[in-house]
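What the coordinates show
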Amino acid sequence: MMKKGHNRFRSILAHIVLVVLAFLCLFFFYILIVNATRSHSELQKGFSALPGTHFLDNLKNVVNDGSFPMVRGILNSLFISAASAAICTYFSSLTAYGLYAYNFKLKKVAFTFIMAILVMPTQVTAMGFLRLITNMGMYDSWVPLIVPSIASPAVFYFMYSYLQSSLPISLVEAARIDGSGEFRTFNKIVIPIMKPAIAVQAIFTFVGSWNNYFVPALVIQSKQKMTVPILIATLRGADYMNFDMGKIYMMITVAIVPIVLVYLLLSRFIISGVTLGGVKE
């Protein structure tokens, strides 16, 4: 009886903690949306938990601001983030499948090398990377923001772990016996099995690319090619006399909408992907 009461108390306590954490996470989004509906003069008066009436006005100011191409920046970030997520998840899955399904002499060396790259900070190689793309004529272009995402050690390791728990090697051998080519086996058999893991990593890669500021700030110079984080960062240098806080909050609100939509579309795969379900035969 005491054990049952203790378990019930732990369950109630866990629910209370989760409710508090959920409130803390959602509260700041709510305040952001509320501030996006208020004018600059209303925001200067202080905090308000009630929405204002200037949502459409702030949205029109964002869209019609010729000196601050926010809509263009969102489209740029959408293309770069979607392309990075697509090639990152596909080629990381392909690399993980290659190391999982094949036995060769340098297999352990290749795995160790990939894991060694995982612990190397981006800032360490930044100057060499910048010099390389400049010499290759790719400065101020989107190519350096998309192509390097093909090699992602973190995504590779996640995919490799998922394959270990979800893909029986006997299934691959059966496909080979039936005459299936390696790429056909990967695309028709392995990819469907890895859908949960791919969806999870697509979310993380998309969000990571969307929020990436360091590399785009080094590479991109043209305002029409800038991504959302760079455009928002330029607000720090705005003229204080022409600083419209309502428009700023609206810019930030519009910038997070694509991330929320991507998460809502793919979130149903997160639990099944993170738990690495499946039993290896």
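What you are looking at is a predicted structure, and each value in this text was computed from that prediction instead of being measured.

A packed helix pair is summarised by two numbers, namely the angle formed by the two axes and the spacing between the axes. Following both chains from N to C, one finds helix α3 (residues 55-63) and helix α14 (residues 245-266) inclined at 80 degrees, their axes separated by 9 Å at the closest point. With respect to each other, α3 and α14 are oriented roughly perpendicular. Side by side, α3 and α14 meet where F55, N58, L59, N61 and V62 of the first sit next to G246, K247, M250, M251 and V254 of the second. Residue classes in the contact of α3 with α14 are distributed as six nonpolar, three polar and one charged.

Next up on the list: α14. For α14, built from 22 residues, the straight-helix expectation of 32 Å at 1.5 Å per residue is met to within 8% by its first-to-last C-alpha distance of 33 Å. V257 marks where α14 bends most, by close to 25 degrees; the proline P258 follows one to four residues later. What α14 keeps buried is the set G246, K247, I248, M250, M251, T253, A255, P258, I259 and V262.

A complete count under the given rule lists 13 aromatic pairs for this structure. Judged by centre distance (5.5 Å) and plane angle (35 degrees), the rings of F23 and F27 are tilted. Note that F23 and F27 are positioned in helix α1 (residues 2-36) at a spacing of four residues, about one turn of the helix. A ring pair is formed by F79 and W142, whose centres lie 5.6 Å apart and whose planes are at 40 degrees; its orientation type is tilted. Highlighted residues: F79 in helix α4 (residues 70-101) and W142 in the loop between α6 (126-135) and α7 (143-146), separated in sequence by 63 residues.

Okay, helix α11 (residues 195-211) next. Counted at 1.5 Å a residue, the expected span for α11 with its 17 residues is 24 Å, and the 24 Å between its end C-alpha atoms agrees. Counting buried residues in α11 gives twelve out of 17 residues, a clear majority hidden from the surface. P196, A197, I198, A199, V200, Q201, A202, I203, T205, F206, S209 and W210 are the residues of α11 that are buried.

In terms of nonpolar packing, the biggest core is built from 27 residues, with M70, W210, I220, V228 and M251 touching the most fellow members. At the level of secondary structure, the elements contributing two or more residues to this core comprise α4, α6, α7, α11, α12 (214-219), α13 (228-233) and α14. Look past the residues within four positions of I220 in its chain and what remains in contact with it is D140, S141, W142, L145, K225, M226 and I230. Grouped together as the second largest cluster of nonpolar side chains are 24 residues, A96, A101, I114 and L163 included.

Its location among the elements puts T185 in helix α10 (residues 182-193). Beyond its immediate chain neighbours, meaning those up to four positions away, T185 contacts Y97, V172, A175, S180 and V190.

Residue placement: L163 occurs in helix α8 (residues 153-166). The class for L163 is buried, based on a relative accessible area of 1%. Through-space distance from the C-alpha of L163 to that of S93 is 9.0 Å; in sequence the pair is 70 residues apart. Excluding its chain neighbours within four sequence positions, the residues that come into contact with L163 are A96, Y97, Y100, V190 and M194.

Quick look at the confidence of the model for the protein now. Here the protein shows a mean pLDDT of 84. Residues at 70 or above account for 89%. α7 holds the highest mean pLDDT among the elements of the protein, 92, whereas helix α15 (residues 270-274) holds the lowest, 56.

To continue, consider the packing of α4 against α8. Their axes nearest at 8 Å, the elements α4 and α8 cross at an angle of 50 degrees. With respect to each other, α4 and α8 are oriented oblique. Note that α4 runs across α8; the crossing there is right-handed. Seen from α4, the contacting residues are C88, T89, S92, S93, T95, A96, Y97, L99 and Y100; seen from α8, they are V155, F156, M159, Y160, L163 and Q164.

Procedures and definitions
- Every chain is numbered on its own, with residues counted from 1 as its sequence reads.
- Where totals are concerned, whole chains, interfaces and linings use all residues; where local detail is concerned, this predicted model gives features only for residues with pLDDT of at least 70, and gives and counts side-chain atom pairs only at 80 or more.
- Only hydrogens and water are removed before side-chain values are computed, so all heavy atoms of the structure are retained for them.
- Orientation is described by lines fitted to C-alpha atoms, with helices fitted over the stretch in contact, and by angles between N-to-C directions that extend from 0 to 180 degrees.
- Put simply, DSSP H or I for four residues or longer makes a helix, DSSP E for two residues or longer makes a strand, and each gets a number counted from the N terminus.
- Our angle categories are set so that under 35 degrees counts as roughly parallel, over 145 as roughly antiparallel, 65 to 115 as roughly perpendicular, and the remainder as oblique.
- Here, two residues are considered to be in contact whenever any of their heavy atoms come within 4.5 Å of each other.
- Each residue is assigned to one of three groups, with Ala, Val, Leu, Ile, Met, Phe, Trp, Tyr, Cys and Pro labelled nonpolar, Asp, Glu, Lys and Arg labelled charged, and all others, Gly among them, labelled polar.
- Here the expected span of a helix is defined as 1.5 Å times the quantity of residues minus one.
- To obtain the bend at a residue, axes are fitted to the seven residues ending there and to the seven starting there, and the angle between these axes is taken.
- Each residue gets one of three labels from its accessible area relative to the maximum for its type: buried under 20%, exposed over 50%, partly exposed in between, using a 1.4 Å probe on protein chains only.
- For Phe, Tyr and Trp, rings pair up if their centres lie within 6.5 Å, where Trp contributes its six-membered ring, and each pair is then called stacked (planes under 30 degrees apart), edge-to-face (over 60) or tilted (otherwise).
- The definition of a nonpolar core used throughout is a set of buried Ala, Val, Leu, Ile, Met, Phe, Trp, Tyr and Cys residues joined through side-chain atoms within 4.5 Å.
- pLDDT measures how confident the predictor is about each residue, on a scale from 0 to 100.
- Helix crossings are classified by the rotation of the near helix relative to the far one: an anticlockwise turn of less than a right angle makes the crossing left-handed, while a clockwise turn makes it right-handed.

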